[in-house]
Amino acid sequence: MQQPPPLPSLSAPPELNPYAAPAARVDDYYADQLVLADRLTRLLAVIVDFAIMAAIIGIGAAIVLPEVQKDAQAQQATMIGFTAVIVVALLALMIVNLVLLHRYGQTIGKRVFSIKVVRLDGSHCSLLRYIFARWLPVGLLGAIPLLGPVISLVDSLMIFRNDQRCMHDLIADTIVVKA
């Protein structure tokens, strides 16, 4: 990595070239503020997000299954109702997570563990970038038969790199930091 040019001394007047690039060293501005989230915290945040989704499905199943077993006539209506309730609950969870991502760069799990997703320069990661650059490409690649599971595994294992950035972080130019 190249060393940045030395900053001009305060005793000498700066050059008055209106077309020159700024002399500020922006990369140092965020260096003191951003601390990468550790791998275990990121894993626990994903587990919490998954557990919330699984709990919604599990609670719905616990409510509906006894009703299905009681009456075979009502089985179809009960299953339709169950499916509708689960879909609405999962949509509500998705909306909550999208609002949190838009406002704070966090899902529920990331919020619990005080970590957030930001751009590499420390700026806020927009919701569109999060969806279309961070989540969608790896999600679509993960859906490819036979190759998808390998891509998903490689994406997850890339967290063991020195910079702790997974494939989805590299694509979206993001990092996960302590909030």
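The preceding data block contains the structure.
Position labels on residues start from 1 in each chain and follow its written sequence. With pLDDT at 70 or above as the cut-off, local features in this predicted model cover only qualifying residues; side-chain atom pairs require 80 or more to be listed or tallied, and sums for whole chains, interfaces and linings still use all residues. The side-chain numbers reported here are obtained from all heavy atoms of the structure, hydrogens and water having been left aside.

Each helix and strand counted, the protein has 7 helices and 2 strands in total. When the helices and strands of the protein are read in sequence order from the N terminus, they spell out α-α-α-α-β-α-α-α-β. All accessibility values rest on the Shrake-Rupley procedure with a 1.4 Å probe; residue burial counts only the protein chains present in the view. Entry remark: accessible area of the protein is about 12400 Å², with carbon and sulfur atoms responsible for 69%. The numbering of helices and of strands both runs from the N terminus, where a helix is a DSSP run of H or I of at least 4 residues and a strand a run of E of at least 2.

Moving on to a nonpolar patch on the surface. Patch members must show over 30% relative accessible area and no salt bridge, and they are joined within 9 Å when carrying like charges or within 5 Å when they are nonpolar side chains of Val, Leu, Ile, Met, Phe, Trp or Tyr. Any Lys or Arg side-chain nitrogen found within 4 Å of a carboxyl oxygen on Asp or Glu counts as a salt bridge. Together, Leu141, Ile144, Leu147, Val150 and Val154 make up a nonpolar patch on the protein surface, roughly 360 Å² of accessible area in all. In terms of residue count, the dominant contributor to the nonpolar patch is helix H6 (residues 147-157) (3 residues).

The next point concerns the pattern of salt bridges. Evaluation of the coordinates by the stated rule reveals 5 salt bridges. Measuring nitrogen to oxygen at the nearest pair gives 3.0 Å for the salt bridge that ties aspartate 169 to arginine 42. Of the two residues, aspartate 169 sits in helix H7 (residues 167-172) while arginine 42 sits in helix H2 (residues 39-70), which places them 127 residues apart along the sequence. Aspartate 169 sits in the buried class, given a relative accessible area of 0%. Its relative accessible area of 10% is what places arginine 42 among the buried residues. Linking arginine 119 and aspartate 173 is a salt bridge whose minimum nitrogen-to-oxygen distance equals 3.2 Å. Here arginine 119, found in strand S1 (residues 115-119), pairs with aspartate 173, found in the loop between H7 and strand S2 (174-178); they are 54 residues apart in sequence, far enough to count as distant. Because the salt bridges share partners, they merge into one network encompassing Arg42, Arg134 and Asp169. Burial classification: accessible surface area is computed with a 1.4 Å probe over protein chains only, and a residue below 20% of its type maximum counts as buried, one above 50% as exposed, and the rest as partly exposed.

A separate point is the packing of helix H3 (residues 75-104) against helix H5 (residues 127-142). Helix-helix packing: each pair is described by the crossing angle between the helix axes and the interaxial distance. Axis lines are fitted through C-alpha atoms, for helices just across the contact stretch, and the angle between N-to-C directions can take any value from 0 to 180 degrees. Contact geometry for H3 and H5: axes closest at 8 Å, N-to-C directions at 115°. Of the residues in H5, those in contact with Leu98, Leu101 and His102 of H3 are Leu127, Tyr130 and Ile131. Partitioning the contact of H3 with H5 into residue classes produces 5 nonpolar, 1 polar and no charged. Throughout, a residue-residue contact means that at least one pair of heavy atoms, one from each residue, lies within 4.5 Å. We call Asp, Glu, Lys and Arg charged. Ala, Val, Leu, Ile, Met, Phe, Trp, Tyr, Cys and Pro are nonpolar, and the rest, Gly among them, are polar.

A word on the packing of aromatic side chains. To pair, rings of Phe, Tyr and Trp, with the six-membered ring standing in for Trp, must have centres within 6.5 Å; the planes then decide the type, stacked if under 30 degrees apart, edge-to-face if over 60, and tilted in the middle. Applying the stated criterion to the full structure yields 0 aromatic pairs. The rule for a charge over a ring is simple: NZ of Lys or CZ of Arg within 6 Å of the ring centre, and within 35 degrees of the ring normal. The aromatic ring of tyrosine 104 is capped on one face by arginine 111, whose charged end is 4.2 Å from the ring centroid.

Of all the residues in H6, the buried ones are Gly148, Ile151 and Asp155. Projected onto a plane normal to the axis of H6, the buried residues spread over an arc of 65° and lie on a single side. Those residues of H6 hidden inside the fold are in contact with H5 and H7. Working definition: the arc comes from the directions between the helix axis and the C-beta atoms, pointing outward to the latter.

Across the interface, H5 lies against H6 with an axial gap of 7 Å and an inter-helix angle of 140°. Comparing the axis directions of H5 and H6 gives the class oblique. Across from Val138, Leu141 and Gly142 in H5, the residues of H6 making contact are Gly148, Pro149, Ile151, Ser152 and Asp155. By residue class, the composition of the contact of H5 with H6 is 4 nonpolar, 3 polar and 1 charged. Every angle not falling under 35 degrees, over 145, or within 65 to 115 is termed oblique; those three ranges are roughly parallel, roughly antiparallel and roughly perpendicular.

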